[in-house]
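Examining the three-dimensional arrangement
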Amino acid sequence: MAADLNAFITEESIEGADAGPLADATVAVKDNISTAGVETTCGSRMLEGYVPPYDATVVERLTDAGATIVGKANMDEFGMGTTTETSQFGPTRNPVDPDRVPGGSSGGSAAAVAAGEADLALGTDTGGSVRCPAAFCGVVGIKPTYGLVSRYGLIAYANSLEQIGPIAGTVEDAAALLDVIASPDPHDATTREAGADANYAAAADGDVDGMTIGVVPELFEGAHEGVVETVRAAIDDLEAQGAETVEVSLPSVEHAVQAYYVIATSEASSNLARFDGVRYGHSAGHDGNWNETFAETRSEGFGEEVKRRILLGTYALSAGYHDKYYKKAQDARAWVRSDFDDAFADVDVIASPTMPVLPFELGEGIDDPMTMYLADANTTPVNLANLPAISIPAGTAEGLPVGLQLIGPQFGEETIVRAASAVEE
Ligand code: GLN
């Protein structure tokens, strides 16, 4: 093994069934997904030592399919970050260049796959956290349509935005993992029947002849030159294979990051209220004084980025500001959704750079939250619109991986898998 990448918070094996479609596969599972009997921290001191009493549905599906889980992958604290540097267990390094970040928040998952420490991985994507690390580490990541994959046993960051998604070295492997984890779950009422009959792995047939690809100028604006060139070359290559490209405009997407951060922090402020020193994990323990115990537990247990977001979200939801921020963000979300609906009347998939930047150097951006947030410009619109998207390696710029993002209509996973598999050829 190469220099320690710190891809895992806990390295502990969970054996799967003897036979099944994943019987030969090792899988890294992001540390915000519950594993019965195995510590699950969300990258936070708040949950250090917390051992879930039950498995997430996706974990059950993995072990039923024969997979061996090799450990709990490092992540930004509660999924809040773009570099895995907000993890309270130290940053993960990018296997392509250990002085650079692997992306986030599922950085441990993508690094483990890129370095061969696991065949496959599960991440979660609230605003890009599967696609960003896939792009930065040069592997494949899928953010499924909202409702395709059960969130039961996922420790919530922002419920209305997030999905668990696969990370793998190839499109077919990522799609095969999606086949295992997708389908309705009685424990998660937001899961849907749609997509239940699909065969995602079989869709990786590389056939883009006659497919229409929408190219969105707004999603190339301001991106790193090398990223733009690499992504354009990959799209040209799809054209050479018989796809047709058309320009489509999505004027709403310039508001996506702002809307995303209001909605995500609002939901987070509510979700994270449960970490009070009584029910889970860390407790400051002041005899008898509830206010002091609560305040001290949370001051000690949460890192800076998590605190910043709880404050932002609490503010955005407060009585005097609810209409000004939260409601406006929901209006912007509806606009993004209708822009995509209009676009998908004319095209099969939409293509863009996954990330407008190359992988940051370790420490480069962690003290500058605005820069970090803006790096999510191309991934967050997809979560706001509940759509599926895949990030696929498009090549390199300055020797570093560049990801192409292909976005599909709701439950259009087979189409994005098909298009992405053609990029590999
Ligand atoms: N970078 C985004 C955030 O910090 C995405 C995180 C995610 O998808 N979990 O919110």
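What comes next is a walk through the structure. (Residues numbered from 1 in each chain as written. Predicted model: local features only at pLDDT ≥ 70, side-chain atom pairs only at ≥ 80, totals over all residues. Heavy atoms only, no water.)

Notes on the overall build of the chain
Summing up its helical and strand segments, the chain has 12 helices and 11 strands in all. Seen through its principal axes, the chain has C-alpha atoms that stretch 70 × 55 × 45 Å. Going through the 425 residues of the chain one by one, you find that 59% of them count as buried. Across the chain, every contact between residues at least 6 apart in sequence was considered, and the portion connecting residues at least 24 apart equals 75%. When the accessible surface of the chain is summed, it comes to about 15,600 Å², and 47% of that surface belongs to carbon and sulfur atoms. Taken together, the 23 basic and 66 acidic charged side chains of the chain have centroids lying 9 Å from each other. (Helix = DSSP H or I, 4+ residues; strand = E, 2+ residues; numbered from the N terminus. Buried < 20%, exposed > 50% of the residue type's maximum accessible area, 1.4 Å probe, protein only. Contact = heavy atoms within 4.5 Å. Areas by Shrake-Rupley, 256 points an atom, 1.4 Å probe, with all protein chains shown as cover. Lys, Arg positive; Asp, Glu negative; His and termini not counted. Charge placed at Lys NZ, Arg CZ, Asp CG, Glu CD.)

Side note on the packing of helix 8 (residues 304–317) against helix 9 (residues 322–343)
The N-to-C vectors of helix 8 and helix 9 enclose an angle of 105°; their axes lie 6 Å apart at closest approach. Viewed along their axes, helix 8 and helix 9 adopt a mutual orientation that is roughly perpendicular. Touching Tyr 315, Ala 316 and Leu 317 of helix 8 are His 322, Tyr 325 and Tyr 326, all from helix 9. (Axes fitted to C-alpha atoms, helices over the stretch in contact; angles between N-to-C directions. Parallel < 35°, antiparallel > 145°, perpendicular 65-115°, else oblique.)

As for the nonpolar core
Of all hydrophobic cores here, the largest spans 64 residues; its most connected members are Leu 22, Ile 33, Val 58, Leu 62, Ile 181, Leu 404 and Leu 406. With seven residues, helix 4 (residues 171–181) is the largest single contributor of residues to this core. For Leu 62, the residues in contact, after removing those within four places along its chain, are Leu 22, Val 27, Val 29, Ala 67, Ile 69, Leu 122, Leu 177 and Val 180. Core analysis: the second largest hydrophobic core is formed by 54 residues, Tyr 50, Ala 264, Ala 268 and Met 355 among them. (Core = buried A, V, L, I, M, F, W, Y, C linked by side-chain atoms within 4.5 Å.)

A look at the packing of aromatic side chains
Applying the stated criterion across every chain yields a total of 14 aromatic pairs. Both rings, one in Tyr 50 and one in Tyr 280, keep their centres 5.7 Å apart while their planes meet at 85°; by these two values the pair is edge-to-face. Here Tyr 50, found in the loop between strand 2 (26–30) and helix 1 (57–64), pairs with Tyr 280, found in the loop between helix 6 (256–271) and helix 7 (290–301); they are 230 residues apart in sequence, far enough to count as distant. For Tyr 50, a relative accessible area of 16% corresponds to the buried category. Look at Tyr 280 and you get partly exposed, because its relative accessible area is 28%. (Phe/Tyr/Trp six-rings, centres within 6.5 Å; stacked < 30°, edge-to-face > 60°.)

Focus: the sheet that holds strand 1 (residues 8–10)
Pairing is mixed in the open sheet, where 11 strands are placed in the order 1-3-2-4-6-5-10-11-9-7-8. The open sheet is flanked by strand 1 and strand 8 (244–247), the only strands paired with a single partner. Shown here is a sheet whose adjacent strand axes are inclined to one another by a mean of 35°, direction ignored. In the sheet, strand 9 (residues 349–353) pairs with strand 11 (residues 400–407) via four bridges, with the strands oriented antiparallel. Note on strand 11: the bridge partner recorded for Ile 350 is Ile 407. With respect to the sheet, helix 4 is in contact with strand 4 (120–125), strand 5 (140–143), strand 6 (163–168) and strand 10 (389–397), its orientation differing from that of strand 6 by roughly 145°. (Pairing = 2+ DSSP bridges.)

Regarding the pattern of salt bridges
With the rule as written, the count across this model stands at 10 salt bridges. A salt bridge links Arg 45 to Glu 48, with the nearest nitrogen and oxygen atoms 2.9 Å apart. The class of Arg 45 is partly exposed, set by a relative accessible area of 34%. Overall, the relative accessible area of 40% leaves Glu 48 in the partly exposed class. Salt bridges sharing common partners tie together Asp 97, Arg 100 and Glu 361. (Salt bridge = Lys/Arg side-chain N within 4 Å of Asp/Glu carboxyl O.)

Looking at the site of the ligand
With respect to spatial proximity, 15 residues lie near the ligand, and among them Thr 126, Gly 127, Ser 129, Tyr 157 and Tyr 260 are the closest. Contact distances for the ligand include 2.6 Å between an oxygen atom and a side-chain N or O atom of Ser 129. Measuring from an oxygen atom of the ligand, one finds a side-chain N or O atom of Arg 309 at 2.9 Å. Summarising the interface, the protein chains cover 100% of the accessible area of the ligand, which totals 300 Å² for the free molecule. Its residues assigned to classes, the shell around the ligand shows four nonpolar, eight polar and three charged. (Near = heavy atom within 4 Å. Polar contact = N/O pair within 3.5 Å; in protein donor to acceptor, adjacent residues only side chain to side chain. Nonpolar A, V, L, I, M, F, W, Y, C, P; charged D, E, K, R; others polar.)

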